[in-house]
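Summary of the model geometry
Chain by chain, the residues:
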Amino acid sequence: MKIVADLHVHSKFSRATSRDMDAGTIALWAGHKGIDLVGTGDFTHPEYLKELKKILRPSADGLFTPRGAKGGVHFMLTTEVSNIYSYKGRTRRIHNVLLAPSFEAVDRINRALSRFGRLDYDGRPMFGFNAKDLVKLVMDASPLCMVIPAHAWTPWYSVFGSNSGFDSIEECFEEQAVHIHAIETGLSSDPPMNWRLDALDRITLVSNSDAHSPEKLGREANVFECDMRYEDIVSAIKTKDRGRFLSTIEFFPEEGKYHFDGHRNCKVRLSPQQTGQHDGTCPVCGGPLTIGVLNRVERLATRREGAVPENVIPFKHLIPLKEIMADVLSTGAGTVKVDRLYTEAVIERGVPELDILVDMPEKELRRLLPEGIVQGVMKVRDGMVDIEPGYDGEYGRISIRRDARQSPQQTLF
Ligand SMILES: [Zn+2]
Ligand SMILES: [Zn+2]
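These numbers come from a predicted model, not from an experiment.

Conventions we followed
- Numbers given to residues run from 1 along each chain, matching the order in which its sequence is written.
- Here every chain gets a letter starting at A, and every ligand a number starting at 1, in the order they are written.
- Two thresholds apply to this predicted model, a pLDDT of at least 70 for residue-level local features and 80 or more for giving and counting side-chain atom pairs, whereas whole-chain, interface and lining totals are computed over all residues.
- Think of the side-chain values as coming from all heavy atoms in the structure, minus any hydrogens and water.
- Pairing of aromatic rings covers Phe, Tyr and Trp, the last through its six-membered ring, and needs centres within 6.5 Å; plane angles under 30 degrees mean stacked, over 60 mean edge-to-face, and all others mean tilted.
- What counts as a helix is a DSSP run of H or I of at least four residues, what counts as a strand is a run of E of at least two, and both are numbered from the N terminus.
- Throughout this description, the term charge over a ring refers to an Arg CZ or Lys NZ atom that lies within 6 Å of the ring centre and within 35 degrees of the ring normal.
- Every axis corresponds to a line fitted to the C-alpha atoms, with the helix fit spanning only the stretch in contact, and the corresponding angles, defined between N-to-C directions, vary from 0 to 180 degrees.
- The crossing is said to be left-handed when, going from far helix to near helix, the turn is anticlockwise and less than a right angle, and right-handed when the turn is clockwise.
- Any two residues whose heavy atoms approach within 4.5 Å at even a single point are treated as in contact.
- The nonpolar class holds Ala, Val, Leu, Ile, Met, Phe, Trp, Tyr, Cys and Pro. Asp, Glu, Lys and Arg form the charged class, and all remaining residues, Gly among them, are polar.
- For every residue, the accessible area (1.4 Å probe, protein chains only) is compared with the maximum for its type, and the residue is labelled buried under 20%, exposed over 50%, or partly exposed between those bounds.
- Counted as a polar contact is a pair of N or O atoms within 3.5 Å, where, for protein atoms, one must be capable of donating a hydrogen and the other of accepting one, and residues adjacent in sequence contribute only when both atoms are in side chains.
- Here a cavity denotes grid points, spaced 1 Å and computed from the protein atoms alone, that fit a 1.4 Å probe unable to get out, and a pocket denotes an open set having protein on both sides within 12 Å along at least 5 of 7 lines; residues with an atom within 4 Å of a point are the lining.
- Grid points are joined across faces, edges and corners, and a volume is the space filled by probe spheres set on the points.
- Any Lys or Arg side-chain nitrogen located within 4 Å of an Asp or Glu carboxyl oxygen qualifies as a salt bridge.

**Concerning the packing of aromatic side chains**
Summed over all chains, the structure comprises nine aromatic pairs. Here the aromatic rings of Trp195 and Phe315 are separated by 5.9 Å at their centres, their planes lie at 75°, and the arrangement is edge-to-face. Remark: Phe315 occurs in strand E15 (residues 315–318) and Trp195 occurs in the loop between helix H6 (191–194) and strand E10 (204–206); sequence separation between them is 120 residues. Pairwise contacts between aromatic rings join Phe116, Phe127 and Phe129 into one cluster. Sitting above the plane of the Phe166 ring, Arg92 keeps its charged end 4.5 Å from the centroid. The ring of Tyr342 is capped by Lys322, whose NZ or CZ atom sits 5.2 Å from the centre of that ring.

Following this line, the structure appears as C-alpha cells:
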C-alpha cells in the first residue's frame, strides 16, 4: 500500500509548541493533510508517554492507532534528542530523531537516558554527552531502533551545521556511524543539494515536517509503497530501496529559514559568493554572519551543482496550500479569507491537502477550488515560482509567477 509518512513532530510538551499537539489532534490533522503514518514525537517525555500508552493500541507490527479514532492514521513511536557537548575544543549541538518499534524499547531508552539528565522539562530533552554514545544507547535498547540526524544542515543544531556541527557523518558518530543509514534534509535543503556530497551516496535522504503545530504537519514527508509495519518502513529507509521508498515531498529549499547566509537584525541576505566577498562579516554592522545551508553544502560538496548520482529517490517540491491561496489572493496565509477557502476544500469536503498539492488531476481540482487557486497549484507543480531565499532564521518569500502556464500539450501542438 502507498504510505505517506511524517516521522518528526513535537507534542505540546516541547518548548514553543502549540498546546493542541496531543495524539488526538495530531491524528485529526494528519488526516486533513493526507498523512497515513505520523510520528508521536516526544516519547521521552514521561507525561506525554503516559498519555500515549493510554490512547494508542497496537495496530500493525510495531505501529499504533489511537483508540476510538476514525480514519486510518497510524502512529510510530518517535522522539528527538539534543546532544550538546564539547569536542576538539568546539561546542557541538546535534539533534537526532529516534524511531522505536515498541513501548518496551521506549522504556529502555528512557531508563538509560534518565541516568544522564531530566526527561520531564522538555519534550526534546537535552544531554551533555556525545552523539555517538546516543546511538549506542539507542541500539542497545533495541537493534530495530533507528537514529536519524535531524534537519542535518541547520546552522545551530545539526550534524553538518556551520556553527556547531561536523564535516562528515563519520567524524560525528565515529564507530557508531555504521548505524546511521539516513539523514533528514530539513526545510532549507533538498535532495539535489545533498547529492553533491559523494559521502552521502550510502545515506537515505528523508523528509519530515518537524511540526510544532497541527497545521504544519506534512509540510515535508516521505512516500512509501510497502506494508504498514514498522520493520517494512525502517527497512525501506535503511536499504534506500526505490521499489518501496517512492519519493519525498519537499519545501523549495529557498523557502527554508537558513538557505542563504545573512544577518537578520540588519536585514542582510547574502549568497555564499557574496559572503565570500564580505569575508563572512555583516556589511552593515560588521558582526558575524549566520552561514546558511547552501554555503555549507558548497563547502563540503565533491560534485558540481546539478550532478545526479545513481540510485537516488525521486522528490517533489511543494508549497503549503494556504500559502498558495494567500499568494493568489494577494493576502496573508493567516487571514479569514484563506482560512475559509481552506476549510471548505480540505476539512469540510474531506479532501487531503497533499492530494490537492501533489496528484489530483486539474479537472478534479476545478470542482474543489476557484480557478485562480487551481492555476496556482498547477504552477507550483511546474516549479513556476520565484523565491527570495530565507536567511538567519527568516523564512524565504515565495511568489507564484503571474505569466500564463504552458502545458506540455500546448507546446507540442
Ligand atoms: Zn531539532
Ligand atoms: Zn549586521
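More follows now that the structure is in view.
**Some remarks on the packing of helix H3 (residues 103–114) against helix H4 (residues 131–141)**
Look at H3 against H4: their axes get within 8 Å of each other, and the N-to-C directions meet at 140°. For the pair H3 and H4, the crossing hand works out as right-handed. Contact with H3, carried on its side by Ala105, Arg108, Ile109, Ala112 and Leu113, involves Leu134, Leu137, Val138 and Ala141 of H4 and no other residues of that element. Broken down by class, the residue content of the contact of H3 with H4 amounts to eight nonpolar, no polar and one charged.

**Some points on the side chain of Thr185**
As for its placement among the helices and strands, Thr185 is situated in the loop between strand E9 (182–184) and H6. For Thr185, a relative accessible area of 2% puts it in the buried group. Here Glu250 takes part through its side chain, which lies 3.5 Å from a polar atom of the side chain of Thr185. Residues in contact with Thr185, not counting those within four places in the same chain, are Ala152, Trp153, Asn194, Leu205, Val206, Ser207, Glu220 and Glu250.

**Comments concerning the layout of surface pockets**
Volume-wise, the largest pocket comes out at about 710 Å³. Lining the largest pocket are 28 residues, and of these His151, Thr154, Asp210, Lys257 and Tyr258 lie nearest its centre. Considering only enclosed or pocket space, the second largest pocket measures out at about 560 Å³ in volume. Lys216, Pro320, Lys322, Glu323 and Ala333 are the residues nearest the centre of the second largest pocket, which is lined by 29 residues in total.

**Here's the deal with the pattern of salt bridges**
Considering all chains together, one arrives at 27 salt bridges under this definition. Where Glu51 meets Lys12, a salt bridge forms, and the shortest distance between an N and an O atom there is 3.6 Å. Of this pair, Glu51 sits in helix H2 (residues 46–55) while Lys12 sits in the loop between strand E1 (2–6) and helix H1 (23–33); the two residues are 39 residues apart in sequence, bridging distant segments of the chain. By relative accessible area, which is 31% here, Lys12 ends up partly exposed.

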